[in-house]
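These are the residues of each chain, in order.
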Amino acid sequence: MAVTQFGQFGLDDRLLNALEKHGYHTPTPIQAQAISPMVEGRDILGIAQTGTGKTAAFVLPMLQKILNLKGAPEKQTVRALILVPTRELANQVAETVRKLAEDTKLSCFTVVGGAKPEPQIRSLNKGLDVLVATPGRLEDHLNAKVFSLSSTMIIALDEADQMLDMGFIPAVRRIMTKMSRKKQTVLFSATMPPLIKDLAAQFMSRPREVSVAPASKPIESIEQRVYAVAQSRKQSALIEQLAKPDVKLALVFVRTKRGADRVQRVLDKAGIASQAIHGDRTQGQRDRALKDFRDGRTRILVATDVAARGIDVPNVSHVFNFDVPQQAEAYVHRIGRTARAGQSGIAITFMNPTERDMLAGIERLTKRKVKIVPLKVADQTAEINQSVQAEQAAEEQAAGEARLEKRNHLRQQAQVKAAFEKKSKQQGQRARRRDRAKAATENQPHRARQRDADKEWEARFDADLRSADGLDTRPKSGKGRAKAKPSGKANKPNSRKSALARADDKKRRARVKAAKKPTAKPRGFIKK
């Protein structure tokens, strides 16, 4: 039976209220196919184009499963994880999660690169219901043991093919190996390359495959146009097209970051207000530009492919490919920014003669032949380009001088630091020598007393030995001097004493000697 209402999925009333409040009245085809199996706990492998509502297709059952649990998440744990390739897409998905969960007390946070790690660490330490993250920064926190994924019960991989293009798949594999094997895995992708299929086979158990369109097939409601124009006339052609009244809200995709900045400058000088968004802009600049575009304050947004999948803005009427993308899959994601949520849109591509092979690759992937229309346009931007090139050259020179000045400053700092460390080391050595000399001076009286004590102990020891041998131990001079005994036969040992008696005397002296001999030196004795 076809599902026509969200109430048929058995969702919580709070989620249904949020859906009604934010204009989700009827499930899209991908939502109708994916929500029920996810609620039942099945793994999902989905092929869905951008703008088909796939984010809500995995967020709604994810929130439902968390609401079925009792209590708050434990510290340093995450109940559900959503991995996305870009920061813009992470913010977009997190915004959808917060909208759908606004009537609940579920927590949601984003962990992305380019942002300060300290707030991320604090949120992860508290424990989260839903975490939306990019693989790089998430792996940094995992390696630092900020939190654990061992108890995470759901993981969703959104735009998996772009994660493959950006080289994130090895990081994704490492992240998923740190999770329980009992987890539920959801993978959505606009295309299904072989490596994505291998990833699904490795980490998914009998997944339910859902699809709303053949892989890499553009949305039918997008009108595609290709204009053949010389590279030097592309800027003029773009200005001419943007001046048309039917262009309400437009995205212009450029292949490089430098090219995006140049196109944005040319448009501004031609009187067309625009902003640029690419990887060299700070996260704050990217967020402000995207917010201005979403709120309608900026009518034209110039972007690179890095931001292509993170831009989910309704009512985009036109997408312009200033450069034909080198990867055919990128074309699908670019033009997917228009005709979202059942609306229609126009995608215009400017192609120079050297880009014909790239367009042929797109036609093979999409299995659709695109009509190429020659476009003759006058060069309106010669003076503007000269001005822009002069400005860029001046900025590059200033940036080079700033880098050189920074390097010199860092080199001077390193030299000052090395000199300070050397001086500190020398001062430490001198201080240690002074301390040793001072200690030696202070210890001289103590050492003299030790020497006197040693001599006294040795004298007592000799006296004990002499006493044990029956010798006179009185001083040989001065007071108490022993009197000299007359020589004669009386002082000689008794030669008539038997050998047995002499042996007994020897043993007796040895016992006395052993009894009187100290067993240890006096405390404080210093050996010479």
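Quantities reported herein were computed from a predicted structural model and do not represent experimental measurements.

So, how was this worked out
- Residues numbered from 1 in each chain as written.
- Predicted model: local features only at pLDDT ≥ 70, side-chain atom pairs only at ≥ 80, totals over all residues.
- Heavy atoms only, no water.
- Helix = DSSP H or I, 4+ residues; strand = E, 2+ residues; numbered from the N terminus.
- Buried < 20%, exposed > 50% of the residue type's maximum accessible area, 1.4 Å probe, protein only.
- Contact = heavy atoms within 4.5 Å.
- Areas by Shrake-Rupley, 256 points an atom, 1.4 Å probe, with all protein chains shown as cover.
- Arc of directions from axis to C-beta.
- Expected span 1.5 Å × (residues − 1).
- Axes fitted to C-alpha atoms, helices over the stretch in contact; angles between N-to-C directions.
- Parallel < 35°, antiparallel > 145°, perpendicular 65-115°, else oblique.
- Left-handed = near helix turned anticlockwise from the far one by under 90°.
- Nonpolar A, V, L, I, M, F, W, Y, C, P; charged D, E, K, R; others polar.
- Pairing = 2+ DSSP bridges.
- Core = buried A, V, L, I, M, F, W, Y, C linked by side-chain atoms within 4.5 Å.
- Salt bridge = Lys/Arg side-chain N within 4 Å of Asp/Glu carboxyl O.
- Phe/Tyr/Trp six-rings, centres within 6.5 Å; stacked < 30°, edge-to-face > 60°.
- Lys NZ or Arg CZ within 6 Å of the ring centre and 35° of its normal.
- Patch = residues over 30% accessible without salt bridge, like charges linked within 9 Å, V, L, I, M, F, W, Y side chains within 5 Å.
- Lys, Arg positive; Asp, Glu negative; His and termini not counted.
- Charge placed at Lys NZ, Arg CZ, Asp CG, Glu CD.

**Student:** Would you mind going over the overall build of the protein with me for this structure?
**Tutor:** Along its length, the protein carries 17 helices and 14 strands. A burial count over the protein gives 42% of its 528 residues as buried. Within the protein, counting contacts between residues at least 6 apart in sequence, those at least 24 apart form 75% of the total. For the protein, the exposed area adds up to about 29,300 Å²; of that, 51% sits on carbon and sulfur atoms.

**Student:** How should the side chain of Thr-185 be read in this particular structure?
**Tutor:** Following the sequence through the fold, Thr-185 ends up in strand β6 (residues 184-189). With a relative accessible area of 1%, Thr-185 lands in the buried category. In this view, Thr-185 contacts Asp-43, Ile-44, Ile-155, Met-176, Phe-203 and Met-204; residues no more than four positions away in its chain are not counted.

**Student:** Looking at this structure, I do not really get helix α5 (residues 117-126). What am I missing?
**Tutor:** Helical geometry note: an α-helix holds 3.6 residues per turn, so side chains three or four residues apart project in the same direction. Where α5 is concerned, the buried positions are Gln-120, Ser-123 and Leu-124. Down the axis of α5, the sector holding all buried residues measures 100°, keeping them to one side. Those residues of α5 that are exposed and aimed more than 90 degrees away from the buried face are Arg-122 and Lys-126. In this structure, the buried side of α5 is in contact with β2 (78-83), β3 (108-111), β4 (128-133) and α6 (135-143). Taken from the residues just after α5, Gly-127 is the one with a positive phi, measuring 95°.

**Student:** Sorry if this is basic, but what is going on with the environment of Ala-347 here?
**Tutor:** Tracing the backbone through its elements, the reader meets Ala-347 in strand β13 (residues 345-351). With 28 residues separating them in the primary sequence, Ala-347 and Val-319 have C-alpha atoms 4.7 Å apart. Excluding anything up to four places from it in sequence, Ala-347 contacts Ile-222, Glu-223, Gln-224, Arg-225, Val-319 and Ile-335.

**Student:** I tried to follow helix α11 (residues 257-269) on my own but got confused; where do I start?
**Tutor:** Taking 1.5 Å per residue, 13 residues should reach 18 Å; α11 reaches 19 Å between its end C-alpha atoms and fits that length. Inspection of α11 places Gly-259, Ala-260, Val-263, Gln-264, Arg-265, Val-266 and Leu-267 among the buried residues, and these make up the whole buried set. The inward-facing, buried residues of α11 abut α10 (234-242), β9 (250-253), β10 (274-277), β11 (300-303) and α15 (382-442).

**Student:** Just checking my understanding: could you explain unusual backbone geometry for this structure?
**Tutor:** Glycine aside, residues mostly have negative phi, and peptide bonds are mostly found in the trans state. Not every positive phi belongs to a glycine, and Gln-76 is a case in point at roughly 60°. Looking at the secondary structure, you find Gln-76 in the loop between α3 (54-67) and β2. Residue classification places Gln-76 among the partly exposed positions, given a relative accessible area of 37%. With phi around 40°, Arg-206 is a residue other than glycine that occupies positive phi space. Checked against the element boundaries, Arg-206 lands in the loop between α9 (194-203) and β7 (208-211).

**Student:** It is not clear to me how the packing of helix α2 (residues 29-39) against α3 should be interpreted in this structure. Could you clarify?
**Tutor:** Two quantities define a packed helix pair, namely the angle between the axes and the distance from one axis to the other. Put simply, α2 and α3 touch, their axes get as near as 9 Å, and they point 25° apart. Between α2 and α3, the interaxial angle falls into the category roughly parallel. Crossing of α2 against α3: the hand is right-handed. Counting all contacts with α2, which are made through Ile-30, Gln-31, Ala-34, Ile-35, Met-38 and Val-39, the residues of α3 involved are Lys-54, Ala-56, Ala-57, Phe-58, Leu-60, Pro-61, Met-62 and Lys-65. A per-class count over the contact of α2 with α3 returns 11 nonpolar, 1 polar and 2 charged.

**Student:** Sorry, what's going on with the sheet that holds β4 here?
**Tutor:** Hydrogen bonding along the main chain pairs the strands of a sheet, whether they run parallel or antiparallel. The sheet built from 7 strands is open, its strands ordered β3-β4-β2-β5-β6-β1-β7 with parallel pairing. Two strands lie at the open edges of the sheet, namely β3 and β7, each paired on one side alone. Between one strand and the next, the sheet's axes are offset by a mean angle of 15°, whatever the strand orientation. Sheet topology places β2 next to strand β5 (residues 154-157); 4 bridges connect them, and they run parallel. Looking at the pairing, Ala-80 lines up with Ile-154 of β5. Sheet strands in contact with helix α4 (residues 87-100) are β2, β3 and β4, and its direction is about 175° off that of β3.

**Student:** What exactly am I supposed to notice about the nonpolar core here?
**Tutor:** Where a protein is soluble and globular, its nonpolar side chains tend to be buried together. Grouped together as the largest cluster of nonpolar side chains are 39 residues, with contacts concentrated most on Phe-58, Met-62, Ile-82, Val-130, Val-132 and Phe-188. Of all the secondary structure elements, the ones that give two or more residues to this core are α1 (13-21), α2, α3, β2, α4, β4, β5 and β6.

**Student:** Could you clarify how one ought to interpret the pattern of salt bridges in this entry?
**Tutor:** Oppositely charged side chains may form a pair once their charged atoms are brought near each other. Applying the stated rule across the entire model yields 21 salt bridges. Arg-14 is the partner of Asp-12 in a salt bridge, and the nearest nitrogen-oxygen pair spans 3.0 Å. For Asp-158, the salt bridge goes to Lys-54, with nearest N and O atoms at 3.0 Å. Of this pair, Asp-158 sits in the loop between β5 and α7 (160-165) while Lys-54 sits in helix α3, and the two are 104 residues apart along the sequence. Pair check on accessibility: Asp-158 and Lys-54 agree, each one buried. A network of salt bridges, in which partner residues are shared, links Lys-234, Arg-255, Asp-323 and Glu-355.

**Student:** Looking at this structure, I do not really get the side chain of Gln-64. What am I missing?
**Tutor:** Considering the arrangement of structural elements, one finds Gln-64 in helix α3. A relative accessible area of 8% means that Gln-64 is categorised as buried. Excluding anything up to four places from it in sequence, Gln-64 contacts Gly-10, Leu-11, Asp-12 and Leu-15.

**Student:** Sorry, what's going on with the packing of aromatic side chains here?
**Tutor:** The way to describe two aromatic rings as a pair is by their centre distance and the angle between their planes. Under the definition given, this model contains 4 aromatic pairs. Between Phe-320 and Phe-350, the aromatic rings sit 6.3 Å apart at their centres with planes inclined by 10°, giving stacked as the arrangement. One end of the pair, Phe-320, is in strand β12 (residues 318-321); the other, Phe-350, is in strand β13, and 30 residues separate them in sequence. The class of Phe-350 is buried, set by a relative accessible area of 0%. Joined through ring pairs, the aromatic side chains of Tyr-227, Phe-320 and Phe-350 make up one cluster. For Lys-234, the ring lying beneath its charged end belongs to Phe-322, and the centroid distance is 5.8 Å.

**Student:** Please clarify how a positive patch on the surface should be interpreted in this entry.
**Tutor:** A contiguous patch of positive charge, built from Lys-423, Lys-425, Arg-430, Arg-432, Arg-433, Arg-434 and Arg-436, is present on the exposed surface. Mapped onto the fold, Arg-430 is located in helix α15. For Arg-430, a relative accessible area of 38% corresponds to the partly exposed category.

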